[in-house]
Amino acid sequence: MSDPRRIRVGIDVGGTFTKAVAIDVKSGSLLAKSTVPTTHDAEKGVSEGIVTALTKIIHKTGIRVNEIELISHSTTQAINALLESDTSKVGIIAMGVGPSKKDVVKRTNLQDAAINNNQDIKTCHEFLDTSHLITESEVINTINRLKKKGAEVIVATEAFGVDDPSNELFVMANASKLGIPSTASHEISGIYGLEIRTLTAAVNASVLPKTFQVANFVEDAIRKTGVAAPLMIMKGDGGVSSMDTFRTKPILTILSGPAASVAGALLYLKVTNGIFVEVGGTSTNICIIRNGKPEIRYVTIKDHPTCIRSMDVRILGVAGGSMVGLDQNRVSHVGPRSAHIASLKYSCFADPEDLKTGKIILIKPRSNDKSEYVAIKCDKETYAITNTCAANALEMIEKEDYAFANQESAKIAMKTLGEYLGVPYHEIAMSIIQTASFEITKTISKILKEFKMNPSHTALIGGGGGASVLVPFVAKQLGIKYEKAEHAEVISSIGVASSMLQEEIEQTMIEPTPEKINQIHKKIHAMLIDKGAVPESVVINSEYVSDKSLLRVTAIGNVELDSAETSKNIFTLDDARKRASEIIEISKDLIDLSYETDHYFVFIGRIEVDRYGKPKLSLKNGKIFQGGKIAILEELYEYLESRRSDIAPKVYLLDDLRLVDYSSLTSSPRIVDAVRDELVHSEKGAILIEI
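Residues numbered from 1 in each chain as written. Predicted model: local features only at pLDDT ≥ 70, side-chain atom pairs only at ≥ 80, totals over all residues. Heavy atoms only, no water.

1. So, the overall build of the chain
Step number 1: Assigned secondary structure in the chain consists of 21 helices and 35 strands.
Step number 2: Its C-alpha atoms give the chain a radius of gyration of 27 Å, within 12% of the compact-globule value 26 Å for 691 residues.
Step number 3: Taken along the three principal axes of its C-alpha coordinates, the chain extends 85 × 70 × 55 Å.
Step number 4: Across the 691 residues of the chain, 57% fall into the buried class.
Step number 5: Of the contacts formed within the chain by residues at least 6 apart in sequence, a portion of 67% connects residues at least 24 apart.
Step number 6: As displayed, the chain offers around 29000 Å² of accessible surface, 50% of which is attributable to carbon and sulfur atoms.
Step number 7: The positive charge centre, built from 80 side chains, and the negative charge centre, built from 87, are 4 Å apart in the chain. (Helix = DSSP H or I, 4+ residues; strand = E, 2+ residues; numbered from the N terminus. Rg over C-alpha atoms; globule rule 2.2 N^0.38 Å. Buried < 20%, exposed > 50% of the residue type's maximum accessible area, 1.4 Å probe, protein only. Contact = heavy atoms within 4.5 Å. Areas by Shrake-Rupley, 256 points an atom, 1.4 Å probe, with all protein chains shown as cover. Lys, Arg positive; Asp, Glu negative; His and termini not counted. Charge placed at Lys NZ, Arg CZ, Asp CG, Glu CD.)

2. Some words on the environment of Ser-131
Step number 1: With respect to the helices and strands, Ser-131 occurs in the loop between β6 (123-129) and α4 (136-148).
Step number 2: When its relative accessible area of 52% is taken as the criterion, Ser-131 is described as exposed.
Step number 3: Taking C-alpha positions, Ser-131 is 54 Å from Leu-54, a pair spaced 77 residues apart along the chain.
Step number 4: Other than its neighbours up to four places away in sequence, Ser-131 contacts Gly-96, Val-97 and Gly-98.

3. With respect to the nonpolar core
Within soluble globular proteins, side chains that are nonpolar generally end up buried alongside one another.
Step number 1: Ranked by size, the top nonpolar core spans 62 residues in total, and within it Leu-636, Tyr-662, Val-675 and Ile-687 carry the most contacts.
Step number 2: Tallying contributions element by element places helix α10 (residues 256-268) first for this core, with six residues.
Step number 3: The residues touching Val-675, leaving out its near neighbours within four places in the chain, are Leu-633, Leu-636, Leu-653, Tyr-662 and Ile-687.
Step number 4: Counting 60 residues, the second largest nonpolar core, distinct from the first, contains Ala-319, Ile-385, Ala-436 and Val-471. (Core = buried A, V, L, I, M, F, W, Y, C linked by side-chain atoms within 4.5 Å.)

4. Description of the pairing of strand β15 (residues 304-311)
Step number 1: Among the eight residues in β15, seven count as buried, and that is most of the element.
Step number 2: In this sheet, β15 lies alongside strand β14 (residues 296-301) in antiparallel orientation, the contact comprising five bridges. Across the sheet, the residue bridging to Ile-301 is His-304, located in β15. (Pairing = 2+ DSSP bridges.)

5. Here's the deal with the sheet that holds β6
Step number 1: Reading across the sheet, the four strands line up as β6-β5-β7-β8 and stay open at both edges, with parallel pairing between neighbours. Looking at strand neighbours, the two that pair on one side only are β6 and β8 (182-184), the edges of this open sheet. Adjacent strand axes in the sheet meet at a mean angle of 20 degrees, parallel and antiparallel pairs treated alike.
Step number 2: Of the strands in this sheet, β5 (90-96), β6 and β7 (153-158) are in contact with α4, which crosses β6 at around 160 degrees.
Step number 3: Sheet strands touched by helix α7 (residues 194-206): β5, β7 and β8. Its angle to β7, the strand with the most contacts, is close to 165 degrees. (Axes fitted to C-alpha atoms, helices over the stretch in contact; angles between N-to-C directions.)

6. Describing the environment of Ile-288
Step number 1: Residue placement: Ile-288 occurs in strand β12 (residues 284-290).
Step number 2: Linking Ile-288 and Val-313, residues 25 residues apart in sequence, is a C-alpha distance of 7.6 Å.
Step number 3: Those residues within four positions of Ile-288 in sequence are excluded, and the remaining contacts are Gly-274, Lys-293, Pro-294, Glu-295, Asp-312, Arg-314, Ile-447, Phe-451 and Met-453.

7. Some thoughts on the sheet that holds strand β21 (residues 373-377)
Step number 1: What the four strands build is an open sheet, ordered β19-β22-β21-β20; its pairing is mixed. With one partner strand each, in any of the chains shown, β19 (345-346) and β20 (359-363) form the two edges of the open sheet.
Step number 2: Pairing of β21 with strand β22 (residues 382-384), which is carried by three bridges, proceeds in the antiparallel orientation. Within the sheet, the bridge partner assigned to Lys-377 lies in β22 and is Thr-382.
Step number 3: Those strands touched by helix α14 (residues 407-421) are β20 and β21, and its axis lies near 80 degrees from that of β20.

8. Comments concerning the pattern of salt bridges
Step number 1: Scanning the entire structure with this criterion turns up 31 salt bridges.
Step number 2: One salt bridge connects Lys-481 with Glu-483, and the closest N-O pair in it is separated by 3.1 Å.
Step number 3: Where salt bridges share partners, they join Arg-309, Glu-504, Glu-506, Glu-543 and Arg-552 into one cluster. (Salt bridge = Lys/Arg side-chain N within 4 Å of Asp/Glu carboxyl O.)

9. A closer look at helix α18 (residues 514-530)
Step number 1: The end-to-end C-alpha distance of α18 is 24 Å, a good match for the 24 Å that 17 residues give at a rise of 1.5 Å each.
Step number 2: Along α18, the residues classified as buried are Pro-514, Ile-517, Ile-520, His-521, Ile-524, Met-527 and Leu-528. Along the long axis of α18, the arc covered by the buried residues comes to 150 degrees, so they all point the same way. Opposite the buried face of α18, at more than 90 degrees from it, the exposed residues are Glu-515, Gln-519, Lys-522 and Asp-530.
Step number 3: Summarising the contacts, the buried residues of α18 are in contact with β25 (501-508), β26 (539-545), β27 (550-557), β34 (658-661) and α21 (668-678).
Step number 4: One or two residues past the end of α18 sits Gly-532, with phi positive at roughly 110 degrees. (Expected span 1.5 Å × (residues − 1). Arc of directions from axis to C-beta.)

10. Observations concerning the packing of helix α1 (residues 47-61) against helix α8 (residues 208-224)
Step number 1: Packing of α1 against α8 brings their axes to within 9 Å, and their N-to-C directions diverge by 30 degrees. Between α1 and α8, the crossing angle belongs to the class labelled roughly parallel. In this structure, the crossing between α1 and α8 has a hand that is right-handed. Contact residues: α1 offers Ser-47, Ile-50, Val-51 and Leu-54, while α8 offers Phe-217, Val-218, Ala-221 and Ile-222.
Step number 2: Residues that form the contact of α1 with α8 fall into these classes: seven nonpolar, one polar and no charged. (Parallel < 35°, antiparallel > 145°, perpendicular 65-115°, else oblique. Left-handed = near helix turned anticlockwise from the far one by under 90°. Nonpolar A, V, L, I, M, F, W, Y, C, P; charged D, E, K, R; others polar.)

Rendered as structure tokens:
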């Protein structure tokens, strides 16, 4: 009997369609894909569309449910709830000692217009004095007072809760007894800053009841199909996590959908430098990939600054299904309304005979819309005129492309609009494409300048079902190379299926010590194991951001133990050498492998790449000691002694599973002691020093 296949299923729940793929982990091949309408209005919401897409995949391929090792999905539920103000009122319990009450209240009641300017995060507030040991009755009475004010969910926040979270945890425990959802500021972030941490916790809490319900619907629906594999959810940083994350920290799934597409570009297409442009039906997502990594930033949600880090994604309200607006007999804007929001079919997919009966009308897809949009009212149906219609009328779409439509119908629609405006159809079609592309072109131009990206070494990678509608035109306007992603229409689902478990901890650490760093390493390792990672697969990296006194530790892991022979995502030596050459822009023939472990390659000159092609460290002028632990410790000691300086250089330790940043330590003896302690359970390693 042949070995069972290792199959991963990725499901992207978009605003218009839910798309699923099945991938063979060993070969990396796409076994099947399916697309169904997203079931927003169904009794159990999007879970019904998820199950339909999954069932179609299973039936198409004959996959046995026990061959599925993982199901991952992305979701727009958290961000949609926030954007549509489908949120719950948050009761904030702020804690501090009596004398600081005024300051704590000011910093936690979220009435400051600078951080909650529209007051769209609805809150009420109570203060608990923690100068004494707070009691259960005090906490319960406080929660009940907040409930009377309309609170549906509780936030516990204390000035130094990141150092001692016991009071926050005590509040959460009592909220649980009363059956009310809660979150604590220390759970969301380990950084100091009471205002930003409280606001982030409140944003998270405001969608907890909604996402808790959605998570249960999705998990129950998947289990009823007979699939017992772990169910994961995509986070905004490009990693996946357990469904418990969605239940307790839904804010981490903000930008889940765009992150899925970028993950596909990074893990499946192995893009090193490029700007990824995903064109869907309603919106276009633009993300920067530099040196094999997406740009990561702190997220702002509806003008609310947060301490959540996610991919730097620029979201524009124009896409393949965007409708056309007119002003003074010309195209004035395209989008943000789409045919999907208006519940209209694209005219380029209509019956040509019905279109010939049509006349132009102006409609408002939503009653509160300020602008009107063009539609064609025909005998049988009313159709939208979209970017996809214009591109097909201009014969810009290749026959095998996902966006290819009936070009005769597209031309009839454009001629009807052209006659209404008194211009040839090809002119109006080009005007639509130019108008729609303007914001995309402008945004990409800004990105090139902002990140000082060399256009000659940068490609535009098109993804999404509408990629060919707009991205090739934009690339031509900018004079940049264009590449269309393989399986562009389901690249987001591929990204979800390909992603690994990933966690990040940020901890304010004014006086970092090896013991504190090691403690955070152990904490994040335990977090990944708890979420289902195989212990041997967990890889940890740390860096110290000195200007913020911040230790940032990231870890990735997998639900199965991959090797170079069993996972298509893992880079071969040649893959890694090629990536290193692209990053430092020299021929790969001039790059030598200096050191490797089961999880890392280190190349001479200045680049380190993990087995998944992610560069972890770049030293322009460095020194490396490698080999057995006793030998490298001696070399490190001798080198530091020879410098005759009280200030130590930046030192990094690489063992099989960790890259540890000791740049926060300035004392040479402490660095040697820290490296010695870290290598207790390792036989070999590498020490990298920035000279």
